[in-house]
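# Descriptive structure summary
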Amino acid sequence: MTNDTFFKRWGLAGLMAVICLLVNLPIILMALNSLQTTEQILASRNIIPASFSLANYQGLTNTPFFTYLRNSLVVSLGATAFSVTAAILGGYALSRFRNGLLNAYSTALFAVQMFPIILALIPLFLLFRPLGFINSPVSVIIVYSVVNLPFVTWMARSYFDTIPRELEEAALIDGCGHIEAFFRIVLPLSGPGLAAVSIFAFLFSYNEFFVANVFLRNAEAMTLPVGIQMFMQQFSTDWGSLMAAATLTMLPTLVLFLFVQKFITHGAMAGGVKG
Amino acid sequence: MNAALDTKEASAWRIRARQFLAPEFVTPAILLAPSILLLLVVIAYPMLQGFYFSFTDGLLMKSGDFVGIANYTKLLSQPAFWHSLRFSAIFAACNIVGCYLLGLGLALLLQMDMPGRGAFRVLLLLPWIVPSLVSIVSWRWMVNDERALFNQIITLFGGDPIFFLSDSNWAVTIVILIKIWRSFPFMMLSLLAALQSIDRSLYEAAAIDGATRWQSFWNVTLPQIKNISIVLCLLMTIWSVNDFDTPWLLAQGGPANATENLVVLAYRYTFARNDVGMGAATSFITLFVLMALVFFLLRLQRRS
Amino acid sequence: MASLSVQSVKKSYGTVPVLHGVDVEIKDGEFLILVGPSGCGKSTLLRMIAGLESITGGTIKIGDRVVNDLPPKARDIAMVFQSYALYPHMTVAQNMGFSLKLAKRPKAEIDAAVRKAADILALGSLLERTPKQLSGGQRQRVAMGRAIVRNPAVFLFDEPLSNLDAKLRVQMRAEIKELHQRLGTTIVYVTHDQIEAMTMADRIVVMHGGVVEQIGRPLDLYDRPANLFVAGFIGSPSMNLIEGEANGAGGFVAGDGAVLPLSGLKAPAGRDLVLGIRPEHLELAEAGTPGSIAGKVVVTEPTGSETQVTIRVGKTDLLALFHSRLDAEPGDEIHLRAMPSTMHLFDKASGRRLD
Ligand SMILES: Nc1ncnc2c1ncn2[C@@H]1O[C@H](COP(=O)(O)OP(=O)(O)OP(=O)(O)O)[C@@H](O)[C@H]1O
Ligand SMILES: [Mg+2]
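Residues numbered from 1 in each chain as written. Chains lettered and ligands numbered in written order. Predicted model: local features only at pLDDT ≥ 70, side-chain atom pairs only at ≥ 80, totals over all residues. Heavy atoms only, no water.

## Some details on the overall build of chain A
Inclusion rule: Put simply, DSSP H or I for four residues or longer makes a helix, DSSP E for two residues or longer makes a strand, and each gets a number counted from the N terminus. Throughout this description, buried means an accessible area under 20% of the type-specific maximum (1.4 Å probe, protein chains only), exposed means over 50%, and partly exposed covers the range between. Any two residues having at least one pair of non-hydrogen atoms within 4.5 Å are treated as being in contact. Positive: Lys, Arg. Negative: Asp, Glu. His and the chain ends are not part of the count. Every charge is mapped onto a representative atom, which is NZ of Lys, CZ of Arg, CG of Asp or CD of Glu.
Of the regular secondary structure elements, chain A holds 15 helices and zero strands. Per-residue burial over chain A gives 57% buried out of 275 residues. Contacts spanning at least 24 positions in sequence make up 72% of the contacts within chain A whose residues lie at least 6 apart. Each charge sign in chain A was given a centre, from 13 positive and 11 negative side chains, and these centres are 5 Å apart.

Dropping the structure here:
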C-alpha cells in the first residue's frame, strides 16, 4: 500500500467517524444526560455531564415503566409470532408458485406498504370497542401483524428463493411428503434468514407508536412509546427521568438491531425497491 | 350439433375446474388463506366501512346518520384543511430532497474503501431504527428551551435564543429536520445497494474513454440509479404523507396547528373532537392525494 | 429392478402442449438415454416418470404398476439431478442415508447401506464432510451414492455430467456405465450430449419438439437415421444434407445444378429429395475415379488427429472429415468420393428415410 492511499483511507475513515458522531449526537447526548439528575441537567446544561449517577434509572422503579415494558413485550412477541407465521406461509407460496392469486396478493402487500393506516384505524376502533379489544394487546397485535406483513413476507420470500427447488424435489423422491420436505429441508436451510425476519417483526412492533396510541388508552395497557409519551406531556420538565426511560427503551432495539443489521439490505431492497 | 357444443363447453369447464383444484392452485391458496383473511378484516373491511363513515355524522360512541358529501364540502371550506394539505406537501417535498441528497452523499462515501466501513454503515442506520418516541425525546432536549443545546450554540455565536417549539416557522423547520434525520438511512441503504449493483466494468470503460470522476458520476452512476431513485422517492412521499409520529410527538401538531399534517388532522377530528365523519373524510382525502401523487410519479417513471 | 412403460404420455403447461404423446418401452435392466435439443421435453418426461410433474394424458407404468397418481416416494425410483441437489445441512453420510432414515430403517442397516454405496463409489473418506467441502466430481458421486443406497427399481438421471469439466465427464461416463453393468438396474438418462448418448446407452430415444423422432440402438441411429432430424442430430460434425432430385441416370442434381454421383444408390426420380452424407464418409479420390466429384477447398481446420475441410461443389458447401493430414490451400481443387452404402436418402416433404 502506498502512503498516499493509506492517508486517503484513514482520512476518509476519520471523516466518516465525525459524520457518524454528529448524526447520532441526539441519541448520544440523551444517553449521557440520562446519567445526570434533573437538577444537575437544569443547573449546568453541559453537553458532557460532569458527574454520573444512576438515580434516574432507580427512579423508574417508582413509575409504571416496567408495566409498559411488560406490555411492550407481550404485544411485540404476539405480533412477531403472527407475522412470522404469515411470512413463512406467504413467503413460501410466493417463492414457489405462480398464479393469479399470488400476483393479486403481491399487489395487496405493496398497497398495504403504502396504505395510510389512519384510514383503517378509525373504523377498527369502532369495530374493536364492542369486542373489548380496546386497551387490550389483542387489537394492537392484530394490526401490527398486518402492518408488518409486507416487509416480513418479502424478506422471507427472498430467503426461500435462495433454496433451490431441486432440494425439495430430491427430498420428495427420498420419501418425504410436501410438508415434511418443507420442515426437513427448507426450514432448516432458511433458519438464519427467518431468525432475522422474526427480529425485524419484533423491532417494528416494539418501536411502533401510532397504532398503540389509538388503541391503548389506559395506563395499565400502554406500551413503552405510548406510556413515555404520556409522561412527556405531563412532566415535561423532568428531563432526567424522561431521558432515562427513553434510553432504556432504546436499548433492546439497538441490541437486536446489531444482530440483524447485516440482513437489512435483503429486506429493505426486497420490500421497498423490488416490490 | 347443440349437444356437441354442450359437451365442448362442459369439458372446457371441467378443465378450468381441474385447474382450480390442481395443487398448483390449491396449495398457495391454503398457505395464503390466513394472511388474506387478516388483510380483509384489518384493511379491506374497515376501509369500506370508513368510506361509509365519511358520509355520516357519527360520533365515537354513537353511529350517525347519512349526510351525503357534507363532510367533504365542510372540510374543503376549512382553512385548517388547506393548511394541513400545504404542510403535508412541504413536509414531504423537503423530506424527499433532504433525504435524497443526504442519502446519496453518504452512500457514495460509504462505497469508498476505508477501514471500519461496515461499522459506519451500521452507525448511520441508527436514527432510522430507534423508536420514534426516543428520537423525539432526544431532539426535544436539544431545542426545548432557551438554554437547550441549539440555543447554547446560537448564543455562543452572539445570537438571541430561539423558541423553536413555540414559533410556527421554526417548529416546521425542526419537524422537517427530525423527519429527514429519521428517514435518510433508508434512502442511504437502498441507494448504497443500488450503487453496489452497478457493473464495475462500466466505470472502467468510462475511464478508458477518458471520463473524469465527475463525468463518470454524471454519465454512469446517475443513469444507473435513476429508476430506483424514482421508486425510492415514491416510497418516501407516501411515508412522509402518512407520518403521524414526528409531528404529533414533537408538538402535537402545534404550535397552533403549524405542524398539523393531514393524518394528524384526521386523528384530531376523530379522537379529540369526536367527529368520526370528518375524521374519515379527512383520511380518505389523504388517500386520494396519495393516489394522485403515486399516479403522477409512476407516469414520470414510465415516461423516462 | 423393473421395466418401465411410457404410453402415449402427454403434457401441457396450462394450454401450452409440451409433450404430444410419447411412447417408450424400457426393458428391465436397460440403459435408455433421452437426447434432443434444448427445450424438447426430455427433462419434462423424466420428471413425469419421477412424479415431480403431473401427467396430462397417457399412462406411465413401472413394472406392472400404473404410477400416474402415485407421489414420487411411492414409485420406487431414485433420481440424480443436474445440480446434484445435495442437502447442504447434512453430511455426505446423512445425505446418502436420508431416504432410509425416512423409511425408518434401523440405524445399523442404514450405516451398512451407506458404507456399501460409499465403497462402490470410493467415497469412504468423505462421509463426514458436508457438500460444501466437496469438489464437483465428488458431489456428483455423492448424488449417485444417494440414489444407489435406495436400491430402487429405476434410476433417473437428468444431465448429471453437464456441470463437470470435459476430462471429468469422460471419467464419470465410464464410471456410470460400469455401475450399470454392476447393478443391472434400469436407467433412464437425459442428456443433450450425443457422445454421452452414443457411448453409454443400450438404446437411445431422440426427441424433438415434444415427440419421439426415433428409438434405437446407438449404431442403428447412426447407420440408419429414420428421418432428417435424427440424421442431422446424431453424429458430429453433423451430416451434410443436400437438397435436390435424382436425374434418373444415377446422378443427384443438387438445387444449384451440381451433379453428385449416386454410385448405384436407388433413388426415385421426379420428387424432391435430400441426400445425406456424413463428413467422415467422404474420402479423397484420384481425379477421374468413377463416382467421384471435384470441388474447391474453402477452409481447412486441422485438429491434429483429423482434418475438417469445407469443400465447395458447385454452390454447395460440403464438410469432410479426413483422418489423414491434407496438404491443400483454400482454392485448390480436390476430388471426393463416398461409398453408396454410407449415403442416405430422405424424402424432402415428409423428412422420412427412403429405402
Ligand atoms: N413450469 C413450466 N411452465 C411452462 N413451461 C415449461 C415449464 N417447464 C418447462 N416448460 C417448457 O417445456 C418445454 C420442455 O422443457 P424441458 O425442461 O423438458 O426441456 P429439456 O428437453 O429438458 O431441455 P434442456 O436440454 O434445456 O434441459 C420447454 O419448451 C419449456 O419452456
Ligand atoms: Mg432439461
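## Section: the site of ligand 1
All names here are of chain C. In plain terms, the rule: It suffices for a single heavy atom of a residue to lie within 4 Å of a molecule or strand for the residue to be listed as near it. The definition of a polar contact used here is a pair of N or O atoms within 3.5 Å, where within protein one atom must be able to donate a hydrogen and the other to accept one, and adjacent residues in sequence count solely through side-chain atom pairs. For accessible areas, the Shrake-Rupley method is used with a probe of radius 1.4 Å. Any residue's cover is judged against the shown protein chains and nothing else. When residues are grouped by polarity, Ala, Val, Leu, Ile, Met, Phe, Trp, Tyr, Cys and Pro land in nonpolar, Asp, Glu, Lys and Arg in charged, and all others, Gly among them, in polar.
Contacts to ligand 1 come from Tyr13, Val18, Ser38, Gly39, Cys40, Gly41, Lys42, Ser43, Thr44, Glu159 and His192. In this structure, an oxygen atom belonging to ligand 1 sits 3.0 Å away from a main-chain N or O atom of glycine 41. Note that an oxygen atom of ligand 1 is positioned 2.5 Å from one of the side-chain N or O atoms of threonine 44. Expressed as a share of its isolated accessible area of 630 Å², the protein-covered part of ligand 1 is 56%. When residues of the shell around ligand 1 are assigned to their parent elements, the largest contribution, three residues, is made by helix H1 (residues 42-50). Tallied by class, residues from the shell around ligand 1 come to three nonpolar, six polar and two charged.

## Quick word on the layout of surface pockets
All names here are of chain B. Selection criterion: Buriedness for pockets is judged along seven lines, at least five of which must meet protein on both sides within 12 Å for an open set on the 1 Å grid over protein atoms alone, while cavities are sets there where a 1.4 Å probe fits but cannot get out, and lining residues have an atom within 4 Å of a point. Grid points are joined across faces, edges and corners, and a volume is the space filled by probe spheres set on the points.
Space inside the second largest pocket adds up to approximately 640 Å³. At five residues, helix H10 (residues 213-242) tops the list of elements feeding residues into the lining of the second largest pocket. Its residues placed into classes, the lining of the second largest pocket shows nine nonpolar, five polar and five charged.

## Observations regarding the domain arrangement of chain A
All names here are of chain A. Selection rule: Where each domain begins and ends is defined by an automated method or by a domain database. Throughout, buried area stands for the accessible area (probe radius 1.4 Å) lost by two parts on being put together, summed over both. Salt bridges are defined as contacts in which a side-chain nitrogen from Lys or Arg sits within 4 Å of a carboxyl oxygen from Asp or Glu.
Split into domains, chain A comes out as domain 1 (3-56) and domain 2 (62-274). Of note, the centres of domain 1 and domain 2, computed from C-alpha atoms alone, are 32 Å apart. With 10 residues of domain 1 at the contact, the number on the domain 2 side is 10 residues. Where domain 1 abuts domain 2, roughly 750 Å² becomes buried across the two surfaces, and 76% of that area is made up of carbon and sulfur atoms. Contact with domain 2 buries area across many residues of domain 1, yet Met30, Thr38 and Asn56 alone supply 52% of it, more than any other trio. Viewed at the interface, domain 2 and domain 1 are joined by zero salt bridges.

## Some details on the sheet that holds strand E5 (residues 65-66) of chain C
The strands that make up a sheet are held in pairs by hydrogen bonds between backbone atoms, and each pair lies either parallel or antiparallel. All names here are of chain C. For clarity, the threshold we go by: By the convention used here, strands pair only if DSSP detects at least 2 bridges between them. Axes here mean lines fitted to C-alpha atoms, for a helix over just the part in contact, with angles spanning 0 to 180 degrees between N-to-C directions.
Spatially, the four strands line up as an open sheet ordered E2-E1-E4-E5, and their pairing is antiparallel. With one partner strand each, in any of the chains shown, strand E2 (16-26) and E5 form the two edges of the open sheet. Strand direction decides the pairing type here: strand E1 (residues 4-13) and strand E4 (residues 57-62), joined by five bridges, are antiparallel. Bridge assignment links valine 6 to a residue of E4, and that residue is isoleucine 60. Lying on the sheet, H1 is in contact with E1, E2 and E4; it crosses E1 at an angle near 115°.

## A word on the sheet that holds strand E20 (residues 343-347) of chain C
All names here are of chain C. In spatial order, the strands read E13-E12-E11-E14-E20; together these five strands make up an open sheet with antiparallel pairing. Either end of the sheet is taken by a strand with one partner, and the two such strands are strand E13 (259-261) and E20. Sheet twist, expressed as the mean angle between neighbouring strand axes with direction ignored, is 40°. Strand direction decides the pairing type here: strand E11 (residues 240-246) and strand E12 (residues 251-254), joined by three bridges, are antiparallel.

## Quick word on the nonpolar core
The line we're drawing: Put simply, a nonpolar core is a bunch of buried Ala, Val, Leu, Ile, Met, Phe, Trp, Tyr and Cys residues held in one set by side-chain atoms that sit within 4.5 Å of each other.
By size, the foremost hydrophobic cluster in this structure holds 230 residues, and its most contacted members are Phe210(A), Phe215(A), Leu124(B), Leu191(B), Ile225(B), Leu45(C) and Leu156(C). Counting residues per element, this core draws most heavily on helix H8 (residues 168-196) of chain B, at 16 residues. In this structure, Leu124(B) is in contact with Met16(A), Ile19(A), Cys20(A), Val23(A), Leu106(B), Leu110(B), Phe184(B), Pro185(B) and Met188(B), ignoring residues within four places of it in sequence. Core analysis: the next-biggest nonpolar cluster, separate from the first, contains 44 residues, Phe31(C), Leu126(C), Leu127(C) and Met144(C) among them.

## Some words on the arrangement of the chains
Considering every one of the two pairs of chains in contact, the largest contact total is recorded for chains A and B. Regarding chain B and chain C, the two do not touch, and the least distance separating their C-alpha atoms is 8 Å.

## Points about empty space enclosed by the protein
Counted by the stated rule, this structure contains four cavities of 30 Å³ or more. Considered as a void within the structure, the largest cavity measures approximately 1200 Å³ in volume. If you trace the largest cavity, you find 39 residues lining it, with Val147(A), Phe204(A), Glu208(A), Arg182(B) and Trp239(B) closest to the centre. Secondary structure elements with two or more residues in the lining of the largest cavity: helix H6 (100-114), helix H8 (137-161), helix H11 (191-207), helix H12 (210-215) and helix H15 (264-274) of chain A together with helix H5 (117-129), H8 and H10 of chain B.

## A closer look at the environment of Leu123(B)
All names here are of chain B. Take leucine 123: it is sitting in helix H5. Look at leucine 123 and you get partly exposed, because its relative accessible area is 35%. Residues leucine 123 and proline 185 lie 62 residues apart in sequence; the distance between their C-alpha atoms is 9.8 Å.

## Quick notes on the side chain of Asn242(B)
Structurally, Asn242(B) can be placed in helix H10. Assessed through its relative accessible area of 15%, Asn242(B) is described here as buried. With sequence-adjacent residues up to four places away left out, Asn242(B) is seen in contact with Met114(A), Phe115(A), Pro116(A), Val263(B) and Leu290(B).

## Some points on the side chain of Ser88(B)
Residue and element names in this part refer to chain B. Positionally, serine 88 belongs in helix H4 (residues 79-111). Assessed through its relative accessible area of 4%, serine 88 is described here as buried. Ignoring any residue separated from it by four or fewer positions in sequence, one finds serine 88 in contact with Asn261 and Leu262.

## Quick look at a nonpolar patch on the surface
The condition that has to hold: Residues enter patches when their relative accessible area tops 30% and they take part in no salt bridge; the joining distance is 9 Å for like charges and 5 Å for the nonpolar side chains Val, Leu, Ile, Met, Phe, Trp and Tyr.
On the surface, Phe6(A), Phe7(A) and Trp10(A) cluster together into a nonpolar patch covering about 350 Å² of accessible area. In this structure, Phe6(A) sits in helix H1 (residues 3-23).

## Things to note about the packing of helix H5 (residues 65-96) of chain A against H11(A)
Residues and elements named next belong to chain A. The test is simple: For classification purposes, angles smaller than 35 degrees are called roughly parallel, those larger than 145 roughly antiparallel, those between 65 and 115 roughly perpendicular, and all remaining angles oblique. By definition, turning the near helix anticlockwise from the far helix through less than a right angle yields a left-handed crossing, and turning it clockwise yields a right-handed one.
Orientation of H5 relative to H11, taken along the N-to-C sense of each, is 135°, at an axis distance of 8 Å. As judged from the angle between their axes, H5 and H11 are oblique. In terms of crossing hand, the pair formed by H5 and H11 is right-handed. Seen from H5, the contacting residues are Leu69, Ser72, Leu73, Ser76, Leu77, Ala79, Thr80, Ser83, Val84, Ala87 and Ile88; seen from H11, they are Leu194, Val197, Ser198, Ala201, Phe202, Ser205 and Tyr206. The class makeup of the residues in the contact of H5 with H11 is 12 nonpolar, six polar and no charged.

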